[in-house]
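Remarks on the overall topology
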Amino acid sequence: MTPAQRKRLPIRFALYALLALLSAIFIFPFLFMLASSLKGNDAIFADVESLRAVLPVGDLTLDNYSAVFQRGNIGHFLINSVIITVVTVALGLFVNSLAAYALARLEWRGKQAALVVLVVLLAVPLEAISVPMMLLVTKLPGLDFSEGIALTRSWLDTIYVQIIPFIANAFSIFLFYQFFRDIPKDFDEAAYIDGATPFQVYRHVIVPSSIPVFATVTILQGLAMWNQYLWPVITVPGEEARPLMIGMQQFFAARRVEWGEVMAYASVITVPILLAFIFFQRWFVRSVVGSGVKG
Amino acid sequence: MSGAVARGGGTGRAAIWFGAPAFIGLAMFVLIPVLMSLALTFTNQRLVSPDPGEFVGTENYQRLLSVSYLVQSPERDAAGHIVTDSAGEPLYARARSITRTDPTFTGYRPMTEYRWGDKRVSILAKDPEFLRSLVNTFLFALLVVPLQCSAALLMALLVNAGLKGQTVFRGIFFSPVVMSMVIVSVVWAFLFDKDLGLFNTILSAVSFGAFQPVDWLGNAHTAMPALAIMSAWQGAGFQMLILLAGLQGISQELYDAAKIDGANAWQRFWNITVPGLRQTITFVLIVTTIAALGLFTQVDVMTQGGPQNATSTVMFQAIQRGVREENIAYGSTISIVYFGIITILILLQQAIQRRRARLNA
């Protein structure tokens, strides 16, 4: 028997009431956003006094959505954000897991020192280094592909300034390291005796038995990149390489009075993530718990 | 067997190649910025400038952190009576005119003032705006950490009570965490609207009209609490999951034994749940505090530091001064101060953990 079945009815009722109230608090802003994105401004303002504010009722329209795709340039920013997130996560999975493999499974001089450095770097938040890092990227020579290939004098206002600094990630290495360390060594030994190279062991032994940690790192780094704001706000002033979050902030600042359009913009960004979350909830939960028990 | 020997040499070389991309990346984009940051704080480097910065010693730190005070007695007239204004309040010489002329206060500006008997105490700072932001940042942490962590604990206990549908509720409570803070800020900016916002509407409805609408983000007293409420709403699901993992690590046998001994639910909570969660709670409190001290996005999207600097924070100042006003050296100095605070918190957490490990041993 679980504890719940033993609980008396009034207690259970009270607990459900509390859960329902909390759920309402957590869901209302989402519903308000989605409902308002389908209404004209007049309808939104007419509905605020009642429950209709969070329900898709009345004269519904998709005008807000067509407006944000035309005026808000959201399609272009969406592509930028997808490229930035996918490329960073994909390269990050490879680079960080390989480094963790070297730390957890191979013997080499300087390994202990590298581990100490890694743990120290874990404590450095992006916020603390974004200002000097910005100065750094303004000094790095870059490439410009808009008219053939040309050398430029800074990384500002590019897609890659939003990707390259975030591929190597101390926390991802650490998560991989913890996982790889606990895989039994018997398989590697057998593979080495059969003449396998270290990379073959990584490819055929380590990676296939580490799917959960790859999923965890994908979710954590994917969310961090998709939601990135501080870094692009200081390094990407122009429109060409702008990601969605900056697009959202700019659109909000410029068209604050158009509640319906702003909410449509927010919905376009949020719905894909929410759907991914609903389908992969178990993985999201596991990755957060995995990230929390570090240290 | 020669395999082991050959492997020792072979894997060493392979390890260097495997580790190189990540470690070069970390050196380039974490280590070098940290070192640059430290070096920049002793210069007057500008963001866009053909000249390299000059060494200025600890000038940036002095400007950032210098605090002083000025005690004034009320003005007296020729007969020695205290001069008062029309409301009967004593009059004082303007603090600003004293700091301008007195050489001991060179560079200081008044930040805030208090009355002490008939004396007036003015707090002076070389950078009142930054110190105000530092105070604001701690105020935000003080508001959001208890709110967010207690909400998270409540939710963790609820979804761990063995009720039907608890995975669904867990998912609902966690869902704002996957949302971008930018989106949350935009949506809540509307919820906090004075005339049309749902926040005022609901407060007014549950108080049967007794609640007077508040301009949450436009009022210097309510803007920071509003940001704290919103941030707790967005983040509590994360702490809930961590606490939930901690709860599930407590042995069910302890509860069963306590029940046999006749302990009621409240006693079981205080004597089993709380001690069992202590380590998790410490971790959650420190992590939440660190996150709170980095407050930036909400401020940048919703209030731009206003009204009257009431929501300006340390990170907002770092970006404002360092990047938008292009004083990269000063922005770096603010970043280093922030980094120092975070480091102290991390060391504190490790000290607590070590002490606990010793006690348990």
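Residues numbered from 1 in each chain as written. Chains lettered and ligands numbered in written order. Predicted model: local features only at pLDDT ≥ 70, side-chain atom pairs only at ≥ 80, totals over all residues.

1. Section: the domain arrangement of chain A
All names here are of chain A. Split by domain assignment, chain A resolves into domain 1 (3–61) and domain 2 (72–292). When each unit is reduced to the centre of its C-alpha atoms, the spacing between domain 1 and domain 2 is 34 Å. Contributions of two or more residues to the side of domain 1 that touches domain 2 are made by α2 (9–37) and α3 (41–47). Taken together, the residues that form the side of domain 1 that touches domain 2 break down as three nonpolar, four polar and one charged. (Domains from an automatic or database assignment. Helix = DSSP H or I, 4+ residues; strand = E, 2+ residues; numbered from the N terminus. Nonpolar A, V, L, I, M, F, W, Y, C, P; charged D, E, K, R; others polar.)

2. Observations concerning the sheet that holds strand β3 (residues 119–125) of chain B
All names here are of chain B. Strand order in the open sheet formed by three strands is β1-β3-β2, and the pairing between neighbours is antiparallel. The sheet terminates laterally at β1 (67–72) and β2 (109–116), the two strands that pair on one side only. Averaged over all neighbouring strand pairs, the angle between strand axes comes to 25°, with direction disregarded. As judged from the six bridges shared by β1 and β3, these two strands associate in the antiparallel manner. Residue pairing in the sheet places V71 in a bridge with V121 of β3. Relative to the sheet, helix α4 (residues 128–159) contacts β1, β2 and β3, its axis offset from that of β2 by approximately 60°. (Pairing = 2+ DSSP bridges. Axes fitted to C-alpha atoms, helices over the stretch in contact; angles between N-to-C directions. Contact = placed C-beta atoms within 7 Å.)

3. Side note on the packing of α4 of chain B against helix α8 (residues 223–248) of chain B
Residue and element names in this part refer to chain B. For the pair α4 and α8, the least separation of the axes is 6 Å and the interaxial angle reads 40°. Between α4 and α8, the angle is such that the two are oblique. The chirality of how α4 crosses α8 is right-handed. Taken together, the residues of the contact of α4 with α8 break down into 22 nonpolar, five polar and no charged. (Parallel < 35°, antiparallel > 145°, perpendicular 65-115°, else oblique. Left-handed = near helix turned anticlockwise from the far one by under 90°.)

4. Re the domain arrangement of chain B
Domain annotation for chain B reports domain 1 (68–125) and domain 2 (129–360). Relative to domain 2 of chain B, the C-alpha centre of domain 1 of chain B lies at a distance of 39 Å.

5. A look at the interface of chain B and chain A
At the interface, 73 residues of chain B touch 78 residues of chain A. The dominant element in the side of chain B that touches chain A, judged by the number of residues it contributes, is helix α1 (residues 2–40) of chain B, at 24 residues. Of the residues in the side of chain B that touches chain A, the class split is 52 nonpolar, 19 polar and two charged.

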